[in-house]
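# Observations on chain architecture
Take a look at the letters that make up each chain.
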Amino acid sequence: MSLRLFYRLALLLLVAAALLAGAVWWWTRDMPTPMLNQDYRTLKDVAQSTSGTVITPQGPAVDYVLPAAASALRITTNANLRDLNAARRMRQADPQRRWHYAIEIEEIDADGSLRKRTHHFSRDLQEVELPNAGRGTGSFYLQRDAPSPMAAAVLRLDFAGSSRPARIRMRLVSNDPELTDVLVRVAIPEPVSQRTAENAWRRLSEEQQVRLAGGNLFPPNLLLEQERVNVMASRWRPLGPSGEFVGRDIYLLDLPDRGAVVEPAQALVRMAGPDRRVVVQLPEKGARVRIALEPLRQGSAYPAEVTVRWAGHSAFQRSVTRHGWLGGNFVAESDFGGGWLEISASLHAAVRVTLGSAQDAPELTLPVRFLRAWDTRQNEPVEFMVSHAGSEPTPLRLVLRRMRVKGNPFPATPVDVELLDAQGRVLRKLAVSMQPLVDSLYDAPWPELDGDQASDPLEAFFRLPTGVALVRVNAADPVLVNAYSRPADLARAVRTPEDASVPEAAQSAIPGWFPLQPQQAEARILNNANRLLTVQPRQPEDRPEVAAGLYQWESFDPVNESAARVFLAPREPGVPDRIDGIAGTFRALPTKDAVAFDAEPGRSAVTARLAWVAGSARSFRYSVALNGQPWTSGAASGIAGEVVLPAFPAGAHQLKVEADASVRWYASHLQSGDPWVKRLAFRFDKPLHFDVDRTSSEEEFITVRLFRPAGASGRVRVRVRIDAPPLSDPIGPYPGWLFTQRVHDVRPSGEFALPVAETGGEKSDAGQPFFVPIPKDAPRGRYRITLVPEGGPSWVSTSRITPGARAKPTLILESKRNGE
C-alpha cells in the first residue's frame, strides 16, 4: 500500500467517526445523561459488581425459567431506601427500627399447576466505615439519583424430585413507604466434577482463593483436595430472568474492605416551649454553663421569656431565674452548683447546653431517649409473659400513659389487669385507676404531630404469685403500657453519690427494673399497635415546705448498743434557719463584737452551749465573761467537746471566752454566721438496727449518713434490709414499690477533717448521705431498718425529715434566776 492511499483511508475513517459521533449526539440530545454518584466513584475499583432485577410495588412480576438440573434456588434481595439520610434519622430515633417488605413467589410446574408462597423480610439499617472515609451500607449503585441498598437478605429454596418447578415468578406485594423497590438476584448451584473443580481452583487468583476459602479454618494452601473440591462445588451460577425486566448493577464491598460498624449518632438538641421542658444534669461539683436557644418558627412573638430552674443535690437547694428574650437567638451563661437544670420558654425553641462557650465545649444536653410504648384498647389487650425465680412472688411494674388531642380531656376509664395461669385461666381481675392524668412537660410522642399530647405516666406495682404465667392489660379507652419486672430476691444496687449526681453514670447504672416485651411484639410493630415516645429524666421533686423550713427533723438511735461520737460539721448548703434547730446549730463566736442570741420557742432565756475545737488533746482551762462580767469557768480536755453555759436573757450580748490553749470556740443560739451542726454518729463495725415509726401515708426518705476517717479513699458497701409491716393486699396494685433489700456502694465525701469529740485525736470527713425511700401508701407502723457494713472503719447516723410538721409544743415553766 502506498503512503498516499494510507492517508486517504485514514482521512475517510476520521470523517466516518465524526459523522457517527454527530448521529449519536442527535439521537441522544434529549436523553438524560446518567450521572455517577460522587460518593461512590472512588469505590468502584475496589468493589465487586453484579447485576440484578428490580421489582417494584404494583409492578409486573418477573419470571425465571429453571434448568432441568436445578435442585435449588438462592434468591438474594436488597431492599432499597428512598432517602438514606431520612432512614438514618429514623434509626437514630428508634434503635429497634426495622424496614419490612414481602415477596410473593409462584412455583409453576410444567403442566401449569401453581403453588404460591409469600416470604416476609425485615432489615435493619447497618452502616460501616468505607475506604473513602465515608459511611454506608457496604453496597451501592453508581447512578446519582439511585436509592441506597440495605443489607442483603438471602432465601434458599430446595426442590426435591417431583416438586421441582419449571419456572418461578416473583413480585413485590408489600413494602414500607421508605423503600422504593427491591433488587433481586437469583442463582442456581453450578454442577462441577472433581476434575473440573481442581482445574477451576488452580485457575483462581490467590485473592479469589482466600475469599472462597474464608469459611475454612485453614488458609487456601493448607486445604486438602476434598476441601478444595467442596469449596468449588458450593459455587452458584447467576440465573437471569426471561421476558422484559428492569436491571440494575449493584456494587458490593468485600468484608476486608469494610470498616467498623457505625452506630447511629445521638441527637443533642432538645425542644423546649410553653408545654415542654428540657432537663440537663450538671457535673457533680457544678460548673459554668452556657444555655443557647434558637426559635423553631419564623415570626415568633417577642418579647419572650426563658425560665431556668436549678435543683441541687438536696431539697434545700433550689433557684428559679427568668430571662427576657427580645429576639434572635438567646444565649446566657451562669455558674451553677451540682444537680439539675430545667429549661422552658414561652415560645418553641431548640435548646443546647454546654460547659462554657468554647467552640469545642463539652455537651451537657442529654441525648434524646426513646421509649416504645404498647397500645392497648378494648378487645385488643397487651399480654406479657411472666418468669419466676424461686418461690417468692415476682415484682411487676406497669407504666401507663394516655394520649389526647389538645382541647379534649384525657379519658378517665380505668385499666383492667388480668392474671392468668399457664393454662390460660384467669386467676384474678384487678383495676388500676387512671386518675389524675396531667399533660406531660417532659415526654412527647415521636414524631410530634400538632395537637397530640401525652400524659405523665402513672405507675402500678404488683406482687405476682408463682402461679401467674401471663399478665393481660386491657382498657375501654386506649392506653399506652410498658411492663417491667425484677427477681424478687435481687437487691436494689445504687452507687452513691454517682448515680444521682454524675451525668455519665446513667449509662452504667444497674437498673432497678428490667423491661418486658409483649407477646407478638414484632406483629404489633408491623400493625402500628405501638407508639414511640421521647422521654427524659425528671428533676428531683420540689419540696417547698422543706425548703421553707416547715419540717420536723428527727434522728434515730440504734436498737442494739453501739458507741456514739459527737462532732461539728458544716451544715449543708441551702438549709434555712429554723427556730426549732437553734440549740443544735453552732456559729463561730466573735472575739470582740456583741452578737444576738435567740431563745428557743416558749423560752425567754438562752441556755447556750459552747463547742470547742483544739489543736491537741491536752487539758486546758477556760473562763467566760458576759458583757464584761465573769459568767463561768472550768477545765476541759480533748480536741473537741462542748460545755453548757448558765442561762442568760435573749438579745444582744458580748460573750468573751479565754483559754490557756489554742482553741476555736463556737456558740449555739446565735442569729448570724456560717452554721455548723452537731452530728451524733454511731460506730459502724457491725450490723445496726434502727426502728422507724411510720404514721403518714406520704412518701418518706430515711437519710443515712456515712462518716469515714478523714483522708479515707476506699469505698464502703452498706447492705440495707427493711422489715416492714404486712401489706393489706398481698397482690396489689400499689402506687409505689418498697425495695426491702438494698446495696449502697458509697464513696467517701473527702471533705474536711472534723475533730471528733471525746477521742484522742480522731478526725472524720463531713459524711456522705444516701437515702432509703419508703413509698407512698406503704403500710403504717414500725419499720426495722438494718444496716450491715462491708468495708473499712466508719460511723453512721440516720434521720428523717417530715415536711409540713413542726416540733410538738411543750409547756415550759421558768424561774427568775441567772440574770433574769
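Everything here concerns the structure above.
Conventions and cut-offs
Residues numbered from 1 in each chain as written. Predicted model: local features only at pLDDT ≥ 70, side-chain atom pairs only at ≥ 80, totals over all residues. Heavy atoms only, no water. Salt bridge = Lys/Arg side-chain N within 4 Å of Asp/Glu carboxyl O. Helix = DSSP H or I, 4+ residues; strand = E, 2+ residues; numbered from the N terminus. Buried < 20%, exposed > 50% of the residue type's maximum accessible area, 1.4 Å probe, protein only. Pairing = 2+ DSSP bridges. Axes fitted to C-alpha atoms, helices over the stretch in contact; angles between N-to-C directions. Patch = residues over 30% accessible without salt bridge, like charges linked within 9 Å, V, L, I, M, F, W, Y side chains within 5 Å. Areas by Shrake-Rupley, 256 points an atom, 1.4 Å probe, with all protein chains shown as cover. Lys, Arg positive; Asp, Glu negative; His and termini not counted. Charge placed at Lys NZ, Arg CZ, Asp CG, Glu CD. Phe/Tyr/Trp six-rings, centres within 6.5 Å; stacked < 30°, edge-to-face > 60°. Lys NZ or Arg CZ within 6 Å of the ring centre and 35° of its normal.

A few words now on the pattern of salt bridges. A complete count under the given rule lists 52 salt bridges for this structure. Note that Glu-333 and Arg-288 form a salt bridge whose closest N and O atoms lie 3.3 Å from each other. On the criterion of sequence distance, the pair formed by Glu-333 in strand 21 (residues 330–336) and Arg-288 in strand 18 (residues 287–295) is long-range, its members being 45 residues apart. Overall, the relative accessible area of 33% leaves Glu-333 in the partly exposed class. A single salt-bridge network, built from bridges that share partners, covers Asp-63, Glu-104, Glu-106, Lys-116, Arg-167, Arg-169 and Arg-171.

Turning our eyes to something else, we now look at the sheet that holds strand 5 (residues 114–123). A sheet is described by the order of its strands in space; here four strands give the open sequence 2-11-4-5, paired in antiparallel fashion. Edge strands, defined here as strands with exactly one partner in the open sheet, are strand 2 (62–65) and strand 5. Recorded for the sheet is a direction-independent mean angle of 25° between the axes of neighbouring strands. As paired elements, strand 4 (residues 99–108) and strand 11 (residues 167–175) share eight bridges and run antiparallel to each other.

A cluster of acidic residues, Glu-541, Glu-698, Glu-699 and Asp-777, forms a negative patch at the surface. Look at Glu-699 and you get partly exposed, because its relative accessible area is 38%.

With that settled, consider the packing of aromatic side chains. Taken as a whole, this structure holds 16 aromatic pairs when the rule is applied. Relative to Trp-665, the ring of Phe-620 has its centre 6.3 Å away and its plane inclined at 75°; by these criteria the two rings are edge-to-face. Residue Phe-620 is found in strand 44 (residues 620–626), and its partner Trp-665 is found in strand 50 (residues 663–668); the two are separated by 45 residues along the sequence. Judged by relative accessible area, Trp-665 falls into the buried class, the value being 11%. Grouped by ring-pair contacts, the aromatic residues Phe-461, Trp-513, Trp-737 and Phe-739 constitute a single cluster. Directly above the ring of Phe-410 sits Arg-404, whose terminal nitrogen or CZ lies 5.3 Å from the centroid. Positioned over the ring face of Phe-739 is Arg-492, at 5.9 Å from the centre of the ring.

Geometry only, nothing functional implied.
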